[in-house]
Amino acid sequence: MSATLTLLHDGRSDEFAGADPARPAISPEDLEVALGWELQPEGLCQGPMCVPVDQDALVGDGGLDLGVFADALQRPLVTDEKHDVAALGASHHDRGEALASLQAPDFTLPDLDGNPHSLSDQRGKKVLLVAYASW
Amino acid sequence: MYEELADEGFTVITVGIERSPEDARPWIEKASPQHPSLIDIEHLVPDLYGMINVPTVVWIDEEGRIARPNDASFASNRFKLLTGLDSKRHLRRLRAWVRGDAPALTPSEVRKHQELPTAVEQEARAEFTLAWWLSREGHDEDAERHYERAGELAPHDITIRRGSMRTRGLNPMGFAFLKIAIKSALTRTPLYRRIEDSPA
């Protein structure tokens, strides 16, 4: 049965038509437009950087298998079949490498009035970043 | 603190790890801060910085580099009895760094004190993302198994476990959290990751 898959990734959500929620797959075009990766003979590529991938496992009748894609990039993929939704997380390798470089990861978040602020707006100042919660 | 050092090329950025701006509004409006006070309903900052509890503070220098990595610190000693964290020490150190009286950590010390995210923590974060989306779509019952799975994967991640309690109809100040705190004490897994506690 084909349905619309909602994929939560990189802080946003995209919808892909015709995906089997048990084995989520997307078209090569969607992979490129939504996720920024291109399937090349060398593997999965993002600009000059390529990651090897088992192409026989990746390419199926329904499109590119998202589970194989996620494994190749060491990103977690978790699904809820009932609601045709999947979440593709960030790779611990990428997160760890970014932190170990000691460059503070930049982010943009809204204030109470919805105005966006970025960490990088404060370049030139020393910053105390405080994550807190009301709970 | 902010008022005292704002003229010395320093700012605070607070990030509320909340379900909605409304959860943080009373806190922010009461403090009416002059520095950016942001709301992070998707747990982006915990994901980017590998934070597993709040409050967590990070020092970032003028070039945007991490001068002191994730450390548990409160703004006051209100919770000292509960957490064992002394805020005064942190504030004294911070003041000295901002004023240029004392250096922060060296890059190799920063690296030594960093706890980098693991594959299983990232999987827990993905489960949380999925659960939170289902909650917001009105599928609370189906969200529950993903919250549970996230908690099983990363039982020490309090931003996920305690941070999802209100959404799940649990009291973050009540028995559900007490159970986590007791388990943490029994397994000697600290709820708050302090730099002083890290192995040398």
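That block above? That's the structure.
Calculation notes
- Residues numbered from 1 in each chain as written.
- Chains lettered and ligands numbered in written order.
- Predicted model: local features only at pLDDT ≥ 70, side-chain atom pairs only at ≥ 80, totals over all residues.
- Heavy atoms only, no water.
- Helix = DSSP H or I, 4+ residues; strand = E, 2+ residues; numbered from the N terminus.
- Rg over C-alpha atoms; globule rule 2.2 N^0.38 Å.
- Buried < 20%, exposed > 50% of the residue type's maximum accessible area, 1.4 Å probe, protein only.
- Contact = heavy atoms within 4.5 Å.
- Areas by Shrake-Rupley, 256 points an atom, 1.4 Å probe, with all protein chains shown as cover.
- Lys, Arg positive; Asp, Glu negative; His and termini not counted.
- Charge placed at Lys NZ, Arg CZ, Asp CG, Glu CD.
- Salt bridge = Lys/Arg side-chain N within 4 Å of Asp/Glu carboxyl O.
- Polar contact = N/O pair within 3.5 Å; in protein donor to acceptor, adjacent residues only side chain to side chain.
- Nonpolar A, V, L, I, M, F, W, Y, C, P; charged D, E, K, R; others polar.
- Pairing = 2+ DSSP bridges.
- Axes fitted to C-alpha atoms, helices over the stretch in contact; angles between N-to-C directions.
- Phe/Tyr/Trp six-rings, centres within 6.5 Å; stacked < 30°, edge-to-face > 60°.
- Lys NZ or Arg CZ within 6 Å of the ring centre and 35° of its normal.

Each helix and strand in chain A was counted, giving four helices and 13 strands. The C-alpha radius of gyration of chain A comes to 18 Å, more than 25% above the 14 Å expected for a compact globule of 135 residues. With the C-alpha coordinates of chain A rotated into their principal frame, the extents come out at 55 × 35 × 25 Å. Within chain A, the fraction of its 135 residues that count as buried is 50%. For chain A, the proportion of contacts with a sequence separation of at least 24, taken over those separated by at least 6, is 32%. Total accessible area on chain A is roughly 6500 Å²; 47% of this is exposed by carbon and sulfur atoms. Side chains of chain A give 8 positive and 23 negative charges; the mean places of these two sets differ by 13 Å.

So, on to the interface of chain B and chain A. Taken together, the contact pairs 75 residues of chain B with 47 residues of chain A. A salt bridge links D47 of chain B to R95 of chain A, with the nearest nitrogen and oxygen atoms 2.8 Å apart. If you look at where chain B meets chain A, you find 32 residue pairs in polar contact (both at pLDDT 80 or more). Take the side of chain B that touches chain A: its biggest share by element is nine residues, from helix α7 (residues 119-136) of chain B. Taken together, the residues of the side of chain B that touches chain A sort by class into 39 nonpolar, 19 polar and 17 charged.

This next bit is on the side chain of D142 of chain B. Structurally, D142 of chain B can be placed in helix α8 (residues 140-153). Excluding its chain neighbours within four sequence positions, the residues that come into contact with D142 of chain B are D80, K82 and H83 of chain A together with L134 of chain B.

Now for the sheet that holds strand β5 (residues 43-46) of chain A. Residues and elements named next belong to chain A. Strands sit in the order β4-β5-β6 across an open sheet of three strands; the sheet is antiparallel. At either margin of the open sheet sits one strand with a lone partner, and together these are β4 (38-40) and β6 (49-51). For this sheet, the mean inter-axis angle between neighbouring strands, taken without regard to orientation, is 35°. Strand direction decides the pairing type here: β5 and β6, joined by three bridges, are antiparallel. From the neighbouring strand, Q46 faces β6, where its bridge partner is M49.

Enumeration over the complete set of coordinates arrives at four aromatic pairs over all chains. Judged by centre distance (6.0 Å) and plane angle (35°), the rings of Y132 of chain A and W27 of chain B are tilted. Residue Y132 of chain A is located in strand β13 (residues 126-132), and its partner W27 of chain B is located in helix α2 (residues 21-31); the two belong to separate chains. Ring centres of W59 of chain B and W97 of chain B lie 4.8 Å apart, and the angle between their planes is 15°; on these two criteria the pair is classed as stacked. Of this pair, W59 of chain B sits in strand β3 (residues 56-60) while W97 of chain B sits in helix α5 (residues 87-98), and the two are 38 residues apart along the sequence. Under the relative-accessibility criterion, W59 of chain B is labelled buried at 2%. When the ring centre of F177 of chain B is taken as origin, the NZ or CZ atom of R162 of chain B, which lies over that ring, is 3.5 Å away.

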